[in-house]
Structure formats: C-alpha cells, structure tokens
Amino acid sequence: MKNSCLKFNAFTLAEMLVVLFVIGVISMMTIPTVVKVNKERAISDLLSENYKKIELALVIDKISNFDVTDFGFSALSKPYKSAEFTEVLREKMKVLNYCTPSESSCGFESQTLRGYKLRMMNGSSMLINDDFRGEYDPVDGTNRILGATYIDIDGPNGSNTAGRDQFGFYTTQKGLIPMGGPKDRLVPFSDCISQQGLSFACSAWVLLNKNMDYKNCPNVINWDDKTTCN
C-alpha cells in the first residue's frame with residue numbers, strides 16, 4: 001500500500017511581503033492618530049490634576065478659616081484679591097518657586113498677562129491676576145468673579161500658547177470656573193473656534209471633553225451633541 005502524499009498549503013514569500021506591506025501602511029496611518037489622542041488626553045489629565053489641587057487648597061483654606069455664617073455657601077472664606085489668593089495656593093500646595101509680577105523665572109514670561117506666578121513641583125506653572133474682577137460668573141450670573149487663574153501645564157518648557165498648553169479659569173467665590181464653557185459670555189467658546197484653537201476660550205473644552213478636536217474639525221464640534229470629530 002502506497003503512502004498517500006499530504007499536501008500543505010502555505011503562503012509564498014511574495015504573499016507574506018504583501019501582507020507585511022499592508023500592515024506597515026495601516027500602522028503608518030493609525031499610529032499618529034493614537035499618539036495625538038494620547039497626548040491630548042495627557043494634557044487634559046494634567047490640567048485636571050492642577051485644577052483639582054487648587055480646588056482642594058481652597059477647601060482646606062475654607063476649613064482652616066471656618067466661619068459658621070457662610071458655611072455651605074462658598075468654597076472661599078473671604079473675597080480674595082490676586083495677591084491673597086496666590087498666598088493661599090502658595091501655603092496649601094507644593095510650590096517649587098514663587099514669582100511676583102516683575103519676576104520671570106516661573107513661566108508666562110513672554111505673555112501679555114501679568115500677575116503673581118507659581119512654579120509647581122509637577123512642572124506646571126500658574127499665573128494669578130485680577131482679570132474680570134467685578135464681573136459675574138458665566139454659569140448662573142450670581143457668583144462674582146474675583147480674578148483669573150491661568151495654568152500652563154508644562155511651565156516654560158512647552159509652546160507657551162493659549163489653547164495648546166495654557167488654559168484659563170475664572171476665580172470666584174465658589175471656586176474656579178474654566179473659561180469657554182457652553183454658557184460663557186465673557187470668553188465664549190466661539191472665540192476658540194474663530195481663533196483656530198489658540199485661545200483661553202478652549203479651556204473648558206479640554207478639561208471636560210478631554211480632547212483638542214477644535215483644532216481638527218472646528219466646524220463640526222459643538223457643546224450640545226458633538227464633542228469629538230468622530
């Protein structure tokens with residue numbers, strides 16, 4: 001009885017090369033997108049980290065200066081001006097360096113913004129000034145704005161550009177409110193779109209939606225039902 005011959009099907013070298021080529025093309029197309037998404041998520045996470053640290057500092061200050069007459073009504077215990085607000089953050093947070101408005105070793109050196117600056121242990125910088133002081137917050141119109149707090153998530157080492165690594169918040173009696181939210185009339189999100197994403201009006205979008213798609217599809221996204229390009 002003759003042994004039957006077993007025939008095995010296999011890929012030829014040419015077919016393998018074609019498959020590898022296709023995989024390579026797909027990788028070249030998708031990797032940049034993945035890198036971009038991860039980078040934007042990292043920026044959002046670091047912004048959120050700094051935001052939460054400031055909020056926690058205010059809560060701690062509220063507790064240490066407890067006043068039963070205003071308990072439950074405010075995250076802040078007194079109407080801070082920029083110098084006082086900076087001092088609260090300086091005392092309650094891990095600060096690497098502190099700069100007055102005339103000093104230039106904490107970041108924001110090339111900006112038109114002027115104020116007290118803090119360089120944080122995580123590499124971020126903050127600038128506190130009296131912008132918008134006396135206005136009312138853009139959320140319910142009853143919360144008076146005490147000033148503005150700006151966060152540069154990578155300090156002086158990055159691009160130092162609004163909407164890219166610098167973001168703005170209103171400092172209010174109830175805590176920080178990111179600029180450019182859906183109800184913001186002072187720094188409206190439309191400024192983020194019209195200025196091609198180079199605006200502090202992009203701040204709320206990055207913090208809440210965790211992307212920078214205002215750079216990629218500005219005519220598509222909106223606060224109501226389209227918070228990504230996809």
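Residues numbered from 1 in each chain as written. Predicted model: local features only at pLDDT ≥ 70, side-chain atom pairs only at ≥ 80, totals over all residues. Heavy atoms only, no water.

Another aspect to go through is the confidence of the model for the protein chain. The pLDDT averaged across the protein chain works out to 84; a share of 83% of its residues lies at or above 70. Per-element confidence in the protein chain ranges from a low mean pLDDT of 78 for helix 1 (residues 13–64) to a high of 96 for helix 3 (residues 189–194). (pLDDT = per-residue confidence, 0-100. Helix = DSSP H or I, 4+ residues; strand = E, 2+ residues; numbered from the N terminus.)

Right, let's get into the nonpolar core. Among the nonpolar cores identified, the biggest contains 43 residues, and L47, I54, F85, L89, Y150, F167 and Y214 are the most heavily contacted of them. Counting residues per element, this core draws most heavily on helix 1, at 6 residues. (Core = buried A, V, L, I, M, F, W, Y, C linked by side-chain atoms within 4.5 Å. Buried < 20%, exposed > 50% of the residue type's maximum accessible area, 1.4 Å probe, protein only.)

This paragraph deals with the packing of aromatic side chains. Across all of its chains, the model carries 7 aromatic pairs by this definition. The interplanar angle of 20° and the centroid separation of 5.4 Å between the aromatic rings of Y51 and F169 together place this pair among those described as stacked. Here the residue Y51 occupies a position in helix 1, and F169 occupies one in strand 5 (residues 166–172), the gap between them amounting to 118 residues. Three or more aromatic residues link up through ring pairs in this structure, and these residues are F189, W205 and W223. Across the ring face of Y98, the terminal group of R90 is positioned such that the distance to the ring centre comes to 3.9 Å. (Phe/Tyr/Trp six-rings, centres within 6.5 Å; stacked < 30°, edge-to-face > 60°. Lys NZ or Arg CZ within 6 Å of the ring centre and 35° of its normal.)

Tracing the backbone shows D165 in the loop between strand 4 (145–152) and strand 5. There is a polar contact of 2.9 Å between the side chain of D165 and the backbone nitrogen of N160. Setting aside residues no more than four positions away along its own chain, D165 makes contact with I151, D152, I153, D154, G158, S159 and N160. (Polar contact = N/O pair within 3.5 Å; in protein donor to acceptor, adjacent residues only side chain to side chain. Contact = heavy atoms within 4.5 Å.)

For the structure shown, the criterion picks out 7 salt bridges. Between K210 and D45 there is a salt bridge, with its nearest N and O atoms 3.8 Å apart. Linking K210 in the segment after helix 4 (203–209) with D45 in helix 1, this pair joins segments that are 165 residues apart in sequence. Here E49 makes a salt bridge to K53, at a shortest N to O gap of 3.0 Å. (Salt bridge = Lys/Arg side-chain N within 4 Å of Asp/Glu carboxyl O.)

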